[in-house]
Amino acid sequence: MSTARSTDNRATLGRLHEAVNRGDAELIEKTIDELFEPDVLIRTPLPVEATGAQALKEVFTTLCRAFPDLHIEVEDMIAEGDRMVSRNTVTGTHLGDYMGLRPTGRPVTYNEIFIFRFVGDRIAETWGVVDVLAQMRQLGVAPGGTS
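Values in this document were obtained by computation on a predicted structure and should not be read as measured data. (Residues numbered from 1 in each chain as written. Predicted model: local features only at pLDDT ≥ 70, side-chain atom pairs only at ≥ 80, totals over all residues. Heavy atoms only, no water.)

*Asks:* Hey, could you run me through the overall build of the protein in this one?
*Replies:* The helix and strand tally for the protein stands at four helices and five strands. Listing every helix and strand of the protein by position from the N terminus yields α-α-β-α-β-β-β-β-α. By the compact-globule yardstick of 15 Å for 147 residues, the protein fits well, its C-alpha radius of gyration being 15 Å. The dimensions of the protein, computed from C-alpha atoms along their principal axes, are 50 × 25 × 25 Å. Counting over 147 residues, the protein shows a buried share of 40%. Within the protein, contacts between residues at least 6 apart in sequence are counted, and of these 53% link residues at least 24 apart. (Helix = DSSP H or I, 4+ residues; strand = E, 2+ residues; numbered from the N terminus. Rg over C-alpha atoms; globule rule 2.2 N^0.38 Å. Buried < 20%, exposed > 50% of the residue type's maximum accessible area, 1.4 Å probe, protein only. Contact = heavy atoms within 4.5 Å.)

*Asks:* Explain the sheet that holds strand β4 (residues 107–119) here, please?
*Replies:* Consider a sheet: its strands pair through backbone hydrogen bonds, and that pairing is either parallel or antiparallel. Taking strand neighbours across the sheet as the criterion, the five strands line up as β1-β5-β4-β3-β2 in an open arrangement whose pairing is mixed. On the outer flanks of this sheet lie β1 (36–42) and β2 (71–80), each paired with one strand and no other. The mean angle between the axes of side-by-side strands here comes to 25°, regardless of whether they run parallel or antiparallel. Sitting on the sheet, helix α2 (residues 25–35) touches β1 and β5 (122–130), and the angle it makes with β1 is about 85°. Relative to the sheet, helix α3 (residues 52–66) contacts β1, β3 (83–93) and β4, its axis offset from that of β1 by approximately 80°. (Pairing = 2+ DSSP bridges. Axes fitted to C-alpha atoms, helices over the stretch in contact; angles between N-to-C directions.)

*Asks:* Honestly, the layout of surface pockets in this entry has me stumped. Any pointers?
*Replies:* Rolled over the atoms, a probe with the dimensions of a water molecule shows which regions are left empty. Volume-wise, the largest pocket comes out at about 640 Å³. Every residue lining the largest pocket is counted, 31 residues in all, and those nearest its centre are L46, V59, L63, F114 and V130. Going through the elements one at a time, α1 (3–22), β1, α3, β3, β4, β5 and α4 (132–138) are the ones with two or more residues in the lining of the largest pocket. The element that contributes the greatest number of residues to the lining of the largest pocket is α3, accounting for five residues. Here the lining of the largest pocket is composed, by residue class, of 23 nonpolar, seven polar and one charged. (1 Å grid on protein atoms, 1.4 Å probe; cavity = no way out; pocket = protein on both sides within 12 Å on 5 of 7 lines; lining within 4 Å. Points joined across faces, edges and corners; volume = space filled by probe spheres on them. Nonpolar A, V, L, I, M, F, W, Y, C, P; charged D, E, K, R; others polar.)

*Asks:* Whenever I open this one, α3 confuses me. Can you help?
*Replies:* The α-helix winds at 3.6 residues per turn, so residues separated by three or four positions along the chain end up facing the same way. The end-to-end C-alpha distance of α3 is 22 Å, a good match for the 21 Å that 15 residues give at a rise of 1.5 Å each. Taking burial as the measure, the 15 residues of α3 include eleven buried ones, the bulk of the element. Among the residues of α3, those classed as buried are G52, A53, A55, L56, K57, V59, F60, T61, L63, C64 and A66. (Expected span 1.5 Å × (residues − 1).)

Structure (structure tokens):
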């Protein structure tokens, strides 16, 4: 991958993270429309019926309602060919309904790793691993967490 393309792809992911960190649902949806192919292949199980970019919009809408101060901190970003890998730490405070759980007011911190495949300047495919168990433990609904 050329250094210029790698830099462009880093900037693309930076725009996504910046939109999420601002917590503005309209900005997040607009950014998803600009950065992702409408039929982006999402290779991560999601708790929504939608597919493609619409699925991403629903996931981020849910997360931002549940964790209004949601923040993604990029720990590592690696480029290889048409792919970018982003290892992140996510933080937020549970102030809205989330996966059937009423607000607890508890803070959460969890890790995630995503791989993004680019076609030109848009994201066409994603794979992700999110530590939902750590999230659920911190919310007090999984063994090993705060009750």
